[in-house]
Structures are given as C-alpha cells and as structure tokens.
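Fold and geometry: a report
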Amino acid sequence: MNHTEALVNLTWMGRNADLAQPVFYLATDAEIRAWVTEAVRFGGVSGLPADGPVDLRDFVVDRFPASETIPYNRIFVRPKTPFGAA
Amino acid sequence: MKTLVVVGVGALGSHAVLFSRNLPVALVLVDFDRVESKNVLAQVHPRTALGRNKAEAMKQTLLGLFGTRVEAIPHRLVPENVDTLLGRADLVLDCVDNGATRRLIQAWVRNHKVPCLHGALSAGGDFARVVWDDHFVVDDEATTGAATCEDGAILPFAGMAGAMIADVLAEHLRGGTRRSVQLGAGGWQVLARDR
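The rules we used
Residues numbered from 1 in each chain as written. Chains lettered and ligands numbered in written order. Predicted model: local features only at pLDDT ≥ 70, side-chain atom pairs only at ≥ 80, totals over all residues. Heavy atoms only, no water. Helix = DSSP H or I, 4+ residues; strand = E, 2+ residues; numbered from the N terminus. Rg over C-alpha atoms; globule rule 2.2 N^0.38 Å. Buried < 20%, exposed > 50% of the residue type's maximum accessible area, 1.4 Å probe, protein only. Contact = heavy atoms within 4.5 Å. Areas by Shrake-Rupley, 256 points an atom, 1.4 Å probe, with all protein chains shown as cover. Buried area = accessible area lost by both parts, 1.4 Å probe. Salt bridge = Lys/Arg side-chain N within 4 Å of Asp/Glu carboxyl O. Polar contact = N/O pair within 3.5 Å; in protein donor to acceptor, adjacent residues only side chain to side chain. pLDDT = per-residue confidence, 0-100. Pairing = 2+ DSSP bridges. Axes fitted to C-alpha atoms, helices over the stretch in contact; angles between N-to-C directions.

Side note on the overall build of chain B
The number of helices and strands found in chain B is five helices and eight strands. Along the chain direction, N to C, the helices and strands of chain B fall in the order β-α-β-α-β-α-β-α-β-β-α-β-β. Computed over C-alpha atoms, the radius of gyration of chain B comes to 15 Å, within 12% of the 16 Å expected from 2.2 N^0.38 for 195 residues, which places it in the range of a compact globule. Based on the C-alpha atoms only, the size of chain B along its principal axes is roughly 40 × 35 × 30 Å. Looking at the 195 residues of chain B, the share that counts as buried comes to 56%. By sequence separation, contacts in chain B at least 24 residues apart represent 58% of the contacts at least 6 residues apart. Accessible surface, chain B: about 8,200 Å² in total, of which carbon and sulfur atoms supply 52%.

Spelled out as structure tokens, the structure:
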C-alpha cells in the first residue's frame, strides 16, 4: 500500500472488518461508501455477512492519515454515535 | 491532584465513572437529568436513586459502595455556565447525549487547550467511540430527541465501553498518551495513539 492509498475498515451490523483491497485515500465519502457497499454485497469483506440489504448512506467516513505509530492511511466507515447518556 | 470533569453520567458516563474511581484525579460529575426507572436497566444508578439527580445519585453510589468521594453538580451545561463548570478542569470527559452540548464542550476545550476525551454510542448501543478531541467528529441524532439507548440489553456493552474509557484515561494520566479507539461486538480497533 502506498501513501495515496488507505486501508478501509467497516463496522456494520455490529461486526467489524477490513476490506481486502486498499482505496484511494482522497476519494470522496460518497465514493468510499459506494465501494464498501458493493464489497459487502458481493461477499468481499471477510467476516461480514453478505446476505440482506446493505445501506451505508447514513454512515460516517472517518480518515486517519499515517502517523509515527500507525504508518499507513486508514479510513473507518462506521455508524453514527450520537449518544452517551440516556 | 488533577481535576477530571465528567459531563453526563448516563448509560456511558455512569460506567466510565464507576471504572475511573481509582484514577489519581478529583472527580467532578455534571448532569442535570434525573434517574428514571428505565435508566436502572443499563446505567449504574440503583432503584434507590429513582427520582434523584444523576450526578448526586452517582456521588452517593460511589461513597456508599466504595467510600469514594466525588463532587456532583446537578446542572445542565449551557453557554452561560460553561466557564464556571469546566473552568477547574485539567481534563474533561464528554459522555452527553446530544450534538449541541458536545459542540459546546468541544469549542470550550479547544479554546482553553484542555484535553478532552469523548465517549459516544450508536443508537443500537452496539458500537462506541472513545476518541480524544483532536480526532473527534460530533454526530447528530437522525432526528432531534430520538430515543437514546434505553434498553437493558445494552448493559454489557455500555459497561465494556465505560471500562475502555477508564483504561484510556489511566494511560493518559500515566504518561500523556492519547489513545483513541472504537469498539464493536467483535472487539476494538485503535484509531490513533498520540502524545
């Protein structure tokens, strides 16, 4: 993986997995959501079920650039987390 | 001793405080809300606290069960009192349940350069972020006033996330490291580890 690419991690249906292939780090959020959706639908994300509808439109795309401690770009696609108390 | 101000002691905050009780900090708890019967399902508050302010109830629980003394402030954090309520903080823990208050906290800690850890749960109560302010993005509810995580089924996960918050705080207090993580049913991932 080079410096223009990123590892993508998805949290979906309570499970979490990395995509097998890196993506372009500066791709738009919409592009990343679309690629991840397709990857899940076609069973391309090990550890995540491919059955049932996959809708990531409301998911958040977080980007973490390479750092000293983690030397590669990462993108996290995740559900919103608006709550803390109740 | 440093002062840790915890804003919000509900599903996530009450567990975070429970597991943070041995940290070398003076704990100050801020919450305006009262304990309802549904809260007993997934929060640390006991039935004997029904109707009481959550910050006061947590203070009583920590004192009664563990002999731990904390300060309780039974007020809502608003722009008019944010300087007063957060002004003593060396460290802030945000466990509130709405975007407006999170933004108020975020603006204040950035303006005053006070380290802040945010704890945040998904609506399903099966995904959480424990993220230092440098990396924190405020997520709003899909609809204002949407139901929060009230189901007792989230209790184990809320406890796990609360314990993670305490562990991240302990690491920071030991050496200044700021570890941000996300948690799901399958485990957790480190998002960043800064110094």
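Some thoughts on the interface of chain B and chain A
One widely used convention gives an interface's size as the accessible area the parts lose upon coming together. Residue-level contacts link 39 residues of chain B with 20 residues of chain A. Here chain B meets chain A over a buried area of about 2,300 Å², counting both sides, of which 57% is carbon and sulfur. Broken down residue by residue, the surface that chain B buries against chain A is led by F127, D139 and L191 of chain B, which jointly contribute 24%. At the boundary of chain B with chain A, the tally comes to two salt bridges. Between D139 of chain B and R78 of chain A there is a salt bridge; the shortest N-O distance is 2.7 Å. Counting every contact that joins chain B to chain A gives ten residue pairs in polar contact (both at pLDDT 80 or more).

Examining the environment of W108 of chain B
Residue and element names in this part refer to chain B. Turning to its location among the elements, W108 is positioned in helix α4 (residues 99–112). A sequence separation of 29 residues divides W108 from P79, and the C-alpha atoms of the two residues are 9.4 Å apart. Setting aside anything within four residues of it in sequence, one finds W108 in contact with V82, D83, L86, G87 and V114.

Examining the confidence of the model for chain B
For chain B, the average pLDDT comes to 93, and 95% of its residues sit at 70 or higher. Overall fold confidence (pTM) sits at 0.90, and the ipTM for the predicted complex is 0.77.

Here we look at the sheet that holds strand β5 (residues 116–121) of chain B
All names here are of chain B. Spatial ordering of the open sheet is given by β3-β2-β1-β4-β5-β6-β7-β8, a layout of eight strands whose pairing is mixed. Of all the strands in the sheet, just β3 (71–73) and β8 (187–194) have a single pairing partner and so form its edges. Strand-to-strand twist in this sheet, taken as the mean axis angle between neighbours without regard to direction, amounts to 15°. As paired strands, strand β1 (residues 2–7) and strand β4 (residues 91–94) are joined by four bridges and run parallel to one another. Paired with V6 across the strands is L93, a residue of β4.

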